[in-house]
Amino acid sequence: MAVVLRTPAVGHDRRERSRSPPHIVNNHDKDPQLDAVITCSSVLDWLKPECDAFRGMVVPRSQTWDHAQHFLDRLYSRVVNFGVVDESESLMEIVPLFDGASESKLGVQLDAAAQRLLSPLVQHGLPADLAAQIRMDVAEAGPVVARLLPNAAELMLKLELTRENICGRWHMDNYVGRAIVSYNCAATVHVHDDFVDFERFEIDRTDICRGPNEYVIRARKAIRSAGVGNILFIKGMLFPSRVNGLVHEAPDKLHRHDCSVATRLILKADEWAAQGTTLFITVDRAVGGMMLLEDTVRGDARAAVAQLKALGVQPALLTGDNEEAGRRAAAAAGIETVHARGRAGHL
């Protein structure tokens with residue numbers, strides 16, 4: 001593993017920002033002192049303690065899919081016309097993460113989900129070699145993302161064929177984390193905290209409809225591209241570590257010779273919540289919204305538990321929710337023993 005930052009990505013430099021438009025620097029040109037992302041030799045390196053001091057991790061790879069652009073542009077038209085994807089420009093599968101499940105079982109679930117995602121795209125012309133690469137990437141990155149967050153309840157896999165549906169604003173994800181691969185066109189860009197005007201950034205976050213916010217970046221030399229074909233992990237604001245919340249945005253749209261927007265193919269493996277229970281609201285298999293639910297402990301619960309303990313009773317909390325949610329509720333009530341993911345017939 002090669003550490004590419006001289007100091008951890010903590011602290012905000014309050015130097016005056018540059019008014020010049022941002023300039024993207026490719027991975028091979030980057031100054032290691034300016035990056036909030038650590039370069040790794042494999043996704044397994046994401047589990048190493050060195051990654052704790054960084055807001056993201058990236059695995060560089062050679063990109064061999066230049067031939068795919070024509071097929072992807074044609075594929076986009078087909079899947080939209082046939083209703084395979086809607087305005088979200090994506091397909092989605094939810095993979096449950098069960099306590100105690102073996103990695104081999106998770107691998108089987110991930111592969112089945114990947115095949116379901118790929119099937120309609122392959123039918124409409126996705127190149128076989130690119131489909132095989134996506135399937136391998138799910139098998140490689142999925143289990144590692146699950147191990148990064150052992151208390152997460154589910155992993156969301158998404159394949160996006162996107163032209164217009166991008167987030168062209170600098171932001172930090174308001175969830176746990178995401179592994180992302182851009183297979184063509186351009187890749188996610190990110191920046192070290194020292195080059196973000198956080199006073200303006202925080203004000204700007206309250207109004208997501210204001211359009212591009214390039215003015216929050218102080219120096220164009222600081223912007224980095226994850227690189228087409230590379231595997232990037234983005235720590236969201238809910239990632240359970242001291243250093244999290246990578247500032248990033250989608251790359252600029254690329255245009256074809258006829259001025260139409262080129263189609264970008266993206267794989268995402270998302271952990272939305274390390275706490276609570278996530279409910280996804282879907283409309284015709286597309287995510288229309290989501291809710292994060294969490295139990296609230298009654299104000300007198302802790303006193304009641306203390307009285308039981310004084311009588312020699314050792315209480316336990318039994319819940320059908322995930323273990324992390326159960327442990328938080330138990331801690332709030334003063335209970336040490338938790339049995340999570342229970343079913344009525346098994347309690």
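Residues numbered from 1 in each chain as written. Predicted model: local features only at pLDDT ≥ 70, side-chain atom pairs only at ≥ 80, totals over all residues. Heavy atoms only, no water.

Focus on the environment of Glu164
Next up, step 1: Its location among the elements puts Glu164 in the loop between β4 (154–162) and β5 (177–182).
Next up, step 2: Residue Glu164 is classed as partly exposed on the basis of its relative accessible area, which comes to 48%.
Next up, step 3: As a C-alpha pair, Glu164 and Ser88 span 76 residues in sequence and 9.3 Å in three-dimensional space.
Next up, step 4: For Glu164, the residues in contact, after removing those within four places along its chain, are Glu89, Lys253 and Val261.
Next up, step 5: Looking at Glu164, its side chain comes within polar contact range of the side chain of Lys253, at 2.5 Å. (Helix = DSSP H or I, 4+ residues; strand = E, 2+ residues; numbered from the N terminus. Buried < 20%, exposed > 50% of the residue type's maximum accessible area, 1.4 Å probe, protein only. Contact = heavy atoms within 4.5 Å. Polar contact = N/O pair within 3.5 Å; in protein donor to acceptor, adjacent residues only side chain to side chain.)

Some thoughts on the pairing of strand β2 (residues 56–59)
Next up, step 1: Covered by surrounding structure in β2 are Gly56 and Val58 together with Met57 and Val59, the residues of both alternating faces.
Next up, step 2: In the sheet, strand β1 (residues 37–39) pairs with β2 via three bridges, with the strands oriented parallel. When the bridges of β2 are listed, Ile38 appears paired with Met57. (Pairing = 2+ DSSP bridges.)

Remarks on the sheet that holds β1
Next up, step 1: Taken in spatial order, the seven strands make up an open sheet running β1-β2-β8-β5-β10-β4-β3, and their pairing is mixed. The sheet is open, and its two borders are formed by β1 and β3 (90–96), each paired with just one other strand. On average, each strand axis in the sheet is tilted by 15° relative to the strand beside it, whichever way the strands run.
Next up, step 2: Where helix α2 (residues 103–123) meets the sheet, its contacts fall on β3 and β4, and the angle it forms with β3 comes to roughly 165°.
Next up, step 3: The sheet strands contacting helix α3 (residues 128–148) are β2, β4, β5, β8 (231–235) and β10 (264–271), and the helix crosses β10 at an angle near 20°. (Axes fitted to C-alpha atoms, helices over the stretch in contact; angles between N-to-C directions.)

Thoughts on the environment of Leu267
Next up, step 1: The residue Leu267 is located in strand β10 in this model.
Next up, step 2: For the pair Leu267 and Arg178, spaced 89 residues apart in sequence, the C-alpha separation works out to 10.0 Å.
Next up, step 3: Ignoring any residue separated from it by four or fewer positions in sequence, one finds Leu267 in contact with Ile134, Asp137, Val138, Lys158, Leu159, Ala179, Ile180, Val181 and Tyr183.

Details of helix α1 (residues 68–81)
Next up, step 1: Compared with the 20 Å implied by 1.5 Å per residue over 14 residues, the 20 Å span of α1 between its first and last C-alpha is a close match.
Next up, step 2: Within the sequence span of α1, burial applies to Ala68, Leu72, Asp73, Leu75, Tyr76 and Val79. Looking straight down α1, one finds that the buried residues subtend no more than 165° of arc, so they occupy a single side.
Next up, step 3: Residues of α1 that are buried make contact with α2, α3, β4 and β10.
Next up, step 4: Positive phi shows up at Gly83, right after α1, with a value of about 75°. (Expected span 1.5 Å × (residues − 1). Arc of directions from axis to C-beta.)

A word on a nonpolar patch on the surface
Next up, step 1: A grouping of Leu308, Leu311 and Val313 is seen on the molecular surface, where their side chains present a nonpolar patch of about 280 Å² in accessible area.
Next up, step 2: Positionally, Val313 belongs in the loop between α5 (301–310) and β13 (316–318). (Patch = residues over 30% accessible without salt bridge, like charges linked within 9 Å, V, L, I, M, F, W, Y side chains within 5 Å. Areas by Shrake-Rupley, 256 points an atom, 1.4 Å probe, with all protein chains shown as cover. Salt bridge = Lys/Arg side-chain N within 4 Å of Asp/Glu carboxyl O.)

Some details on the packing of α2 against α3
Next up, step 1: Relative to each other, α2 and α3 sit at 145°, their axes nearing to 9 Å. Pair α2 / α3 crosses with right-handed handedness. Contacts between α2 and α3 involve Glu103, Leu106, Leu110, Asp111, Ala114, Gln115, Leu118 and Val122 from the former and Ala131, Ile134, Arg135, Val138, Gly142, Pro143, Ala146 and Arg147 from the latter.
Next up, step 2: Looking at the contact of α2 with α3, its residues break down into ten nonpolar, two polar and four charged. (Left-handed = near helix turned anticlockwise from the far one by under 90°. Nonpolar A, V, L, I, M, F, W, Y, C, P; charged D, E, K, R; others polar.)

Let's talk about the packing of aromatic side chains
Next up, step 1: As enumerated under the stated definition, the model contains three aromatic pairs in all.
Next up, step 2: An angle of 45° between the planes, with centres 5.6 Å apart, marks the rings of Trp46 and Phe233 as tilted. In this pair, Trp46 is assigned in the loop between β1 and β2 and Phe233 in strand β8, connecting sequence segments 187 residues apart.
Next up, step 3: We classify Phe233 as buried; its relative accessible area is 0%.
Next up, step 4: Joined through ring pairs, the aromatic side chains of Trp46, Phe233 and Phe239 make up one cluster. (Phe/Tyr/Trp six-rings, centres within 6.5 Å; stacked < 30°, edge-to-face > 60°.)

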